[in-house]
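Here is what each chain is made of, one letter per residue.
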Amino acid sequence: MNTHINTNVPFTVTKNVSNANGFLLPHILYSKIKTVATYPIKEFYLQDVNDLADFKFKMHKNAFLNDELTIQAQLIKKADHGYLVNIIVTKPKPITNHHETICSALFGFTLDEAYYKESKTAC
């Protein structure tokens with residue numbers, strides 16, 4: 001694969017996705033990034049994307065109420081058996097021009113030949 005497919009999705013921590021202390025609930029974040037992980041590979045499937053074959057999920061820091069997060073998904077590898085999508089969730093640091101990592105994940109999706117989208121021309 002010569003090109004990498006990237007997707008950036010904004011996500012705001014609201015009262016609905018945080019606990020009483022204002023911390024982002026990890027299961028909500030996992031659910032959101034699991035959905036975002038399918039965005040870079042949707043073009044390769046004719047129907048819905050297959051279920052996850054494997055995943056790694058790691059929380060590095062907490063996110064708080066009203067934090068503006070960016071979920072970055074990148075297709076990093078297409079293998080014979082499927083696709084690997086890397087996810088990094090960041091938030092801007094207030095004073096510096098840097099971003100701190102909230103969590104990272106790696107998702108593996110299986111490749112079912114029946115769902116693989118091929119380019120064909122009509123004759």
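Our subject is the structure that appears above.
One structure accompanies this document, and this report is about it.

Reading guide: rules and limits
- Residues numbered from 1 in each chain as written.
- Predicted model: local features only at pLDDT ≥ 70, side-chain atom pairs only at ≥ 80, totals over all residues.
- Heavy atoms only, no water.
- Salt bridge = Lys/Arg side-chain N within 4 Å of Asp/Glu carboxyl O.
- Buried < 20%, exposed > 50% of the residue type's maximum accessible area, 1.4 Å probe, protein only.
- Core = buried A, V, L, I, M, F, W, Y, C linked by side-chain atoms within 4.5 Å.
- Helix = DSSP H or I, 4+ residues; strand = E, 2+ residues; numbered from the N terminus.
- Contact = heavy atoms within 4.5 Å.
- Pairing = 2+ DSSP bridges.
- Arc of directions from axis to C-beta.
- Axes fitted to C-alpha atoms, helices over the stretch in contact; angles between N-to-C directions.
- Polar contact = N/O pair within 3.5 Å; in protein donor to acceptor, adjacent residues only side chain to side chain.

1. Overview of the pattern of salt bridges
Within this structure, the stated rule accounts for three salt bridges. Across the salt bridge formed by lysine 91 and glutamate 100, the nearest N and O atoms sit 3.8 Å from each other. In this structure, lysine 91 and glutamate 100 share a single accessibility class: buried. Taken together, the shared-partner salt bridges in this structure form one network comprising Lys61, Asp67, Lys91 and Glu100.

2. Some points on the nonpolar core
Formed by 26 residues in total, the largest nonpolar core has its most connected members in Leu24, Ile33, Leu69, Ile71, Val85, Ile87 and Val89. Among the secondary structure elements, those contributing two or more residues to this core are β1 (5–12), α1 (26–36), β3 (68–79), β4 (82–92) and β5 (99–110). Here the element with the most residues in this core is β5; it accounts for five residues. Excluding residues within four positions of it along the chain, leucine 69 makes contact with Val9, Pro10, Phe11, Val13, Leu24, Ala63, Val89, Thr90, Lys91 and Ile102.

3. A word on the pairing of β3
Side-chain direction in a regular strand flips from residue to residue, so the side chains alternate between the two faces of the sheet. Pairing between β1 and β3: eight bridges, direction antiparallel. Its bridge partner lying in β3, proline 10 is registered against threonine 70. The pairing of β3 with β4 spans nine bridges and is classified as antiparallel. Looking at β4, one finds that glutamine 72 is bridged to isoleucine 88.

4. What about α1?
Turning to α1, its buried residues are Leu29, Ile33 and Val36. Buried residues of α1, seen end-on, are gathered within an arc of 55° and therefore sit on one face of the element. Next to the buried residues of α1 lie β1, β2 (52–59), β3, β4 and β5.

5. Examining the environment of asparagine 8
You can see asparagine 8 is positioned in strand β1. Judged by its relative accessible area of 55%, asparagine 8 is exposed. A sequence separation of 81 residues divides asparagine 8 from valine 89, and the C-alpha atoms of the two residues are 9.5 Å apart. With near-sequence residues (within four places) excluded, asparagine 8 lies in contact with Thr70, Ile71 and Gln72.

6. Topic: the sheet that holds β2
Strands pair in a sheet through their backbones, by hydrogen bonds, and they do so in one of two ways: parallel or antiparallel. A sheet is described by the order of its strands in space; here five strands give the open sequence β1-β3-β4-β5-β2, paired in antiparallel fashion. At either margin of the open sheet sits one strand with a lone partner, and together these are β1 and β2. Adjacent strand axes in the sheet meet at a mean angle of 20°, parallel and antiparallel pairs treated alike.

7. Things to note about the side chain of lysine 91
Relative to the helices and strands, lysine 91 is located in strand β4. Of the polar contacts made by the side chain of lysine 91, one reaches the side chain of aspartate 67; its length is 3.0 Å. Beyond its immediate chain neighbours, meaning those up to four positions away, lysine 91 contacts Asn62, Phe64, Asp67, Glu68, Leu69, His98, His99, Glu100 and Ile102.

By themselves these figures say nothing about function.
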